[in-house]
Amino acid sequence: MGYVWQWQMIWDYRQVFYRGVEVTAILTFWALLIGMALGLVLGLMRSSRAAWLRVPAAVYIDVFRATPILVQLVWIYYALPILTGVQMGNIASASVGIGLHAAAYIAEIFRAGIASIDRGQSDAAKSLGMSYGQAMRRIILPQAVRRMVPPFINEFATLMKLTTLGSVLAVNELLHEAENLINNTYRPLETYTVVAIVFGLLIYPFIWLSQRLEQHWKTRG
Amino acid sequence: MIEKPIIRVEGLRKNFGKLEVLRGLGFEVKRGEVLAIIGPSGSGKSTLLRCLNFLEDYQAGEIHFEEQLVGYRRDAKGRLKPDTESSIRRIRARMGMVFQSFNLFPHKTVLENVIEGPVIVRGESRGAAEARARALLERVGLADKVATYPTKLSGGQQQRAAIARALAMQPAAMLFDEPTSALDPELVGEVLEVMQSLAAEGMTMVVVTHEMGFARQVADRVMMMDRGEIVELGPPSQIFGAPESPRTAEFLRRVLH
């Protein structure tokens, strides 16, 4: 078995990967923004004592967690325009789709984080005369976020890898570009290996940073 | 003219589901008075205290603080309706509360804990709030701990910081919910000393406590509670010297060994 690895050919096509990284970064950025913003709102709703807030959030979270993201993406890109007349571009559709999907998981991270904070903290905030918003912003969330960092980094890594599903909507993200490259070069092993390395390089700094943050908070108490 | 009481409670009832926790309480607290609430655990003392600043809702009766109904208001027909959030918050800001488990904000330094209310709720400038906070911390003996995080403090220091945090709002009354129950015995004294000096300055205080020595020496009146009712309310000399109720006598016999 004499497989000859041909890395030079991949290097010659490096522009393809640069383009792919750019689109992957754009998808990740928008999906994360949507996922975080909506996730926070859903997480707060899910933590509410009022059923009219809690139940819709719970339904949303369960539906998005229980159905395949691939179907959700296809649905947003192909079925939504038919039903609503709103047609988004493929990058926008992929960003929104992945963002809506991630929001369900991020909401659960927020909910669990908020629930983990002792009730005495909100009692103390209220007894000073703080509003719900002030107590959340100043007292509860800053503490909850610290506990949310590890699961949040998990979700971030998952989300970035989910952007590869953009390829089903013909988004030119990293994996889609790589597959095009394979069609030209017939070098799948080298190409996929580079894709994996590039994802690793994109994601690892955030894992490292989160570990540093945890360490920092631990030493400060 | 007779001065109006600062806290007035009438026919107060509270239940958690089917469990009746407060069964029709009525009492008053005068300005500058120290009221100690004693009684066996589960008698509703802490719940009563939490109702006073509406951390807990109540089902019947009325609580008035500085002549204002707490948690409710009357509509045109005189019926009670839930009060607005902002009105409830204004009342809470006038009542300082100290908790059994301190509940300091662990992500903030002692100084940041103390200025949080004045700056965020009352909109004071940071500089003015800090100056007052430093004076308060000096007063509770924590001048050297301003930049320390709560987890690095002893329980007694944490509770004194929590008292300073409540005082920073310049409250009209202070509510203490078993402030020394979570402390190691050797740290109880330092917290009681601070409370005693507050009382001496004329602060209105409602103190749920198991410290019978404190109730006897510092309180103007002592309220004995059992099973959601007021068993007896009178000066310490009566409660500790010649209790009218056999339940009071029995309780004191048990706690005073």
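See the structure printed just above.
First things first, this report covers the structure right here in the doc. Since we're looking at a predicted model, the values are computed, not measured.

1. A word on the environment of B:V255
So, point 1. Mapped onto the secondary structure, B:V255 falls in helix α9 (residues 246-255).
So, point 2. Expressed as a C-alpha distance, the spacing of B:V255 and B:F105, which sit 150 residues apart in the sequence, is 33 Å.

2. Here we look at the sheet that holds strand β9 (residues 173-177) of chain B
Residue and element names in this part refer to chain B.
So, point 1. Here we have 6 strands laid out as an open sheet, ordered β8-β9-β10-β3-β11-β12, and mixed in their pairing. Because the sheet does not close on itself, it has two edges, and the strands there are β8 (95-98) and β12 (229-234). Across the sheet, the mean angle from the axis of one strand to that of its neighbour is 15 degrees, orientation sign disregarded.
So, point 2. The strands touched by helix α5 (residues 155-167) within the sheet are β8 and β9, with β8 carrying the most contacts at an inclination of about 170 degrees.

3. A word on the pattern of salt bridges
Residue and element names in this part refer to chain A.
So, point 1. Within this structure, the stated rule accounts for 32 salt bridges over all chains.
So, point 2. Of the charged contacts, one joins R46 and E108 as a salt bridge, the two residues approaching to 3.7 Å between their closest N and O atoms. Remark: E108 occurs in helix α5 (residues 90-115) and R46 occurs in helix α2 (residues 14-47); sequence separation between them is 62 residues.
So, point 3. Note on E108: relative accessible area 15%, which makes it buried.

4. Observations concerning the interface of chain B and chain A
So, point 1. Facing the 25 residues of chain B at the interface are 22 residues of chain A.
So, point 2. Summed over the three residues of chain B that lose the most area to chain A, namely B:F105, B:H107 and B:I120, the buried surface amounts to 26% of that side.
So, point 3. The interface formed by chain B and chain A includes 3 salt bridges.
So, point 4. Across the salt bridge formed by B:R50 and A:D123, the nearest N and O atoms sit 2.9 Å from each other.
So, point 5. Put simply, chain B and chain A have 6 residue pairs in polar contact (both at pLDDT 80 or more) between them.
So, point 6. Among the elements that take part in the side of chain B that touches chain A, helix α3 (residues 110-121) of chain B stands out by supplying 4 residues, more than any other.
So, point 7. Taken together, the residues of the side of chain B that touches chain A break down into 12 nonpolar, 5 polar and 8 charged.

What counts, and at which threshold
- Sequence order as written defines the numbering, with residues in each chain counted from 1.
- Chains and ligands are labelled by the order in which they are written, letters from A for the one and numbers from 1 for the other.
- pLDDT decides what is reported in this predicted model: residues at 70 or higher carry local features, side-chain atom pairs at 80 or more are listed and counted, and totals for whole chains, interfaces and linings draw on all residues regardless.
- Note: side-chain values were computed over all heavy atoms of the structure, leaving out hydrogens and water.
- Comment: elements are numbered from the N terminus, with helices defined as DSSP H or I runs of at least four residues and strands as E runs of at least two.
- By definition, two strands form a pair when at least two bridges between them are found by DSSP.
- Every angle, taken between N-to-C directions, lies between 0 and 180 degrees, and every axis is a line fitted to C-alpha atoms, over only the stretch in contact when it is a helix.
- Every residue pair with non-hydrogen atoms within 4.5 Å of one another is taken to be in contact.
- We define a salt bridge as a side-chain nitrogen of Lys or Arg found within 4 Å of a carboxyl oxygen belonging to Asp or Glu.
- Note on exposure labels: buried denotes an accessible area under 20% of the residue type's maximum, exposed denotes more than 50%, and partly exposed covers the range between, all computed with a 1.4 Å probe on protein chains only.
- Computed with a 1.4 Å rolling probe, the buried area is the accessible surface lost when two parts are put together, summed over both parts.
- Polar contact is defined as a pair of N or O atoms within 3.5 Å, subject to the rule that within protein one atom must be able to donate a hydrogen and the other to accept it, and that residues adjacent in sequence are counted only when both atoms are side-chain atoms.
- Residue polarity follows a fixed list, in which Ala, Val, Leu, Ile, Met, Phe, Trp, Tyr, Cys and Pro are nonpolar, Asp, Glu, Lys and Arg are charged, and the others, Gly among them, are polar.

Purely geometric numbers; function is a separate question.
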